[in-house]
Amino acid sequence: MARPKKPTYEFVASRNEYRKRIKGPGGKYVALYAKTPEELTEKVAIAQKEITEETFRRENPTVKEYAEKWLTMHGAHIRTTTLVDYTSKVKIYIIEPLGDKYMAEVTPDDVKMAIGKAAAQSASIYRGVQMLFKMIFSSAVESRIIDESPCKNLNPRGGKTPKERQALTDEQVITLLDAVRGLPPYPFIMLCLYSGLRREEALALQWDSVFLEGDAPHIVVCRAWHTEHNRPVILTDLKTKAAKRTIPIPPQLVECLKFVKEKSTSDFVIANRDGGALSETQWRRVWGYVRTRTVRERTYYRYVNGQKILHTVTPVLGERATHNNDVIYSIDFEVTPHQLRHTYITRLLLAGVDVKTVQVLAGHEHAKITLDIYTHLTYNQPKDLISKVNQAFAGNPK
């Protein structure tokens, strides 16, 4: 059997070393040098192995590498808040379960197992994660990283069915406002109840967008609040084009805002002590005035003689809090910031305002969104249907 030929190297007299040129991962040639052919042979073997691995990784990235690259590529074309949401979902639902796998290794079963974590959350989270899976792997197909997407046959339905949204009753609105009157959340609650602002719109609202005089007092929605690392960021890029809108406001809100404006030294309607927009922590403290006045059972830890002791509080309606005599447990129902906006939209529809007008006032991008959420209010009221039902059976035998 013939012996393998020994590699031949060029001797460079000016360096008194042997040289070998090899093609790098980018297609360019790289020169390697060594004092002896044996040493150079070893260097060439190591370099070729590294080049092969680097070429393989460039052509076969891991899910983590490609997903992070995909986020970077799309970051310049989407809203900051959307990018934050995408990044969080990709990290939790894609990178954590699949990040170490090569893109070409991922099977449909791997994807179904990974997305199962999202299926345990709400239907909206599931849909968002499913969309990201499909976009990332479809992009990899277009870039010829993989031949076929493993996400083609994902079940479009998943996640927990959301609870039906309940608007606050007139009695609950009165109870809520009485509980926080004169306290930090009061202006926020009034804004959401009587103008239907989203939380991010209310917290970004500035006085230059509030018009309280004249025959038609109104608010112009043109900014959105967002936080990054607990710091407030005010965006002019809103959720949708429809979110930028002008909202007429009723006398209750006009009087409230006039009172707030008289005492305000800030550009923001809802501001912190320094006059700036609220941070995430400051917002939680503001809404905490509502939470602490509800009768919902809660637990917390206290340190007694250096020991961490769990306490459970079961508030009784009408009683004062033992730790704070200024707090009276007066709210016997659950309430969320979004529920205030829901109450606003519900009142408009029950008052007979047409769906298209409600869509504009609510800042929904399409009337279909309004209809999908509030159909039961617009088309299922007995008082509106009775005449049609009677007409359908008129003249039938008893």
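Residues numbered from 1 in each chain as written. Predicted model: local features only at pLDDT ≥ 70, side-chain atom pairs only at ≥ 80, totals over all residues. Heavy atoms only, no water.

**Remarks on the confidence of the model for the protein chain**
Taken over all residues, the pLDDT of the protein chain has a mean of 85, while the share at 70 or more is 85%. The spread of mean pLDDT over the elements of the protein chain runs between helix α14 (residues 382-392), the lowest at 61, and helix α7 (residues 185-195), the highest at 97. (pLDDT = per-residue confidence, 0-100. Helix = DSSP H or I, 4+ residues; strand = E, 2+ residues; numbered from the N terminus.)

**Re the pattern of salt bridges**
Across all of its chains, the model carries 14 salt bridges by this definition. Through salt bridges that share partners, R198, E201 and R245 make up one connected network. (Salt bridge = Lys/Arg side-chain N within 4 Å of Asp/Glu carboxyl O.)

**What to know about the environment of I22**
Note on placement: I22 falls in strand β2 (residues 17-23). Along the sequence, I22 and A47 sit 25 residues apart, while their C-alpha atoms lie 8.7 Å from each other.

**So, the sheet that holds strand β1 (residues 10-12)**
The strand order across the open sheet formed by 3 strands is β1-β2-β3, and the pairing between neighbours is antiparallel. A single partner strand is all that each edge strand has here, and the edge strands are β1 and β3 (29-34). Shown here is a sheet whose adjacent strand axes are inclined to one another by a mean of 40 degrees, direction ignored. As judged from the 3 bridges shared by β1 and β2, these two strands associate in the antiparallel manner. Among the inter-strand pairings, E10 is bridged to a residue of β2, identified as R19. (Pairing = 2+ DSSP bridges. Axes fitted to C-alpha atoms, helices over the stretch in contact; angles between N-to-C directions.)

**Brief notes about the layout of surface pockets**
The space that makes up the second largest pocket amounts to roughly 870 Å³. Contributing to the lining of the second largest pocket are 26 residues, with P184, P187, V269, A271 and N272 lying nearest its centre. Sorting the residues of the lining of the second largest pocket by element identifies α7, α9 (251-263) and α10 (280-291) as the ones contributing at least two each. Here the residues of the lining of the second largest pocket sort into 14 nonpolar, 7 polar and 5 charged. (1 Å grid on protein atoms, 1.4 Å probe; cavity = no way out; pocket = protein on both sides within 12 Å on 5 of 7 lines; lining within 4 Å. Points joined across faces, edges and corners; volume = space filled by probe spheres on them. Nonpolar A, V, L, I, M, F, W, Y, C, P; charged D, E, K, R; others polar.)

**Considering the pairing of strand β5 (residues 218-221)**
Along β5, the buried face is formed by I219 and V221; none of H218 and V220, which line the opposite face, is buried. The hairpin turn running from strand β4 (residues 210-211) into β5, its antiparallel successor, is 6 residues long, and G214 in that turn takes a positive phi close to 90 degrees. Relative to strand β8 (residues 245-248), β5 runs antiparallel, the two sharing 4 bridges. Paired with V220 across the two strands is T246, which belongs to β8. (Buried < 20%, exposed > 50% of the residue type's maximum accessible area, 1.4 Å probe, protein only.)

**Focus on the packing of helix α6 (residues 170-180) against α7**
Contact geometry for α6 and α7: axes closest at 9 Å, N-to-C directions at 155 degrees. When the interaxial angle is binned, α6 and α7 end up roughly antiparallel. Where α6 crosses over α7, the two elements pack in a sense that is left-handed. Residues V173, L176, L177 and V180 of α6 form the contact with α7, whose participating residues are P185, Y186, I189, M190, L193 and Y194. In terms of residue class, the contact of α6 with α7 is built from 10 nonpolar, no polar and no charged. (Parallel < 35°, antiparallel > 145°, perpendicular 65-115°, else oblique. Left-handed = near helix turned anticlockwise from the far one by under 90°. Contact = heavy atoms within 4.5 Å.)

**Re the pairing of strand β9 (residues 298-304)**
Two elements, β9 and strand β10 (residues 307-313), share 7 bridges in a ladder whose sense is antiparallel. Note on β10: the bridge partner recorded for Y301 is L310. Joining the antiparallel neighbours β9 and β10 is a turn of 2 residues, in which N305 adopts a positive phi near 55 degrees.

**Quick word on the nonpolar core**
Grouped together as the largest cluster of nonpolar side chains are 56 residues, with contacts concentrated most on L176, F188, I189, L191, L257 and L340. Counting only elements with at least two residues in this core, the list comes to α6, α7, β5, β6 (224-228), α9, α10, α11 (337-350) and α12 (355-362). The leading source of residues in this core is α7, at 8 residues. Those residues within four positions of L176 in sequence are excluded, and the remaining contacts are L168, I189, V290, I331, F333, V335 and L340. In terms of nonpolar packing, the next biggest core, distinct from the first, is built from 28 residues, A67, A114, V129 and F137 among them. (Core = buried A, V, L, I, M, F, W, Y, C linked by side-chain atoms within 4.5 Å.)

**Notes on the side chain of S149**
Mapping S149 onto the fold places it in the loop between α5 (123-142) and α6. One polar contact links the side chain of S149 to the main-chain amide nitrogen of C151, over a distance of 3.1 Å. Leave out the neighbours within four places in its chain, and S149 touches F137 and V141. (Polar contact = N/O pair within 3.5 Å; in protein donor to acceptor, adjacent residues only side chain to side chain.)

**A look at the sheet that holds β8**
Ordered by their spatial adjacency, 3 strands build an open sheet running β4-β5-β8, and the pairing between neighbours is antiparallel. Strands at the two margins of the open sheet, each flanked by one partner only, are β4 and β8. Across 2 bridges, β4 lies against β5 in antiparallel orientation. Bridging from a neighbouring strand, F211 pairs with H218 of β5.

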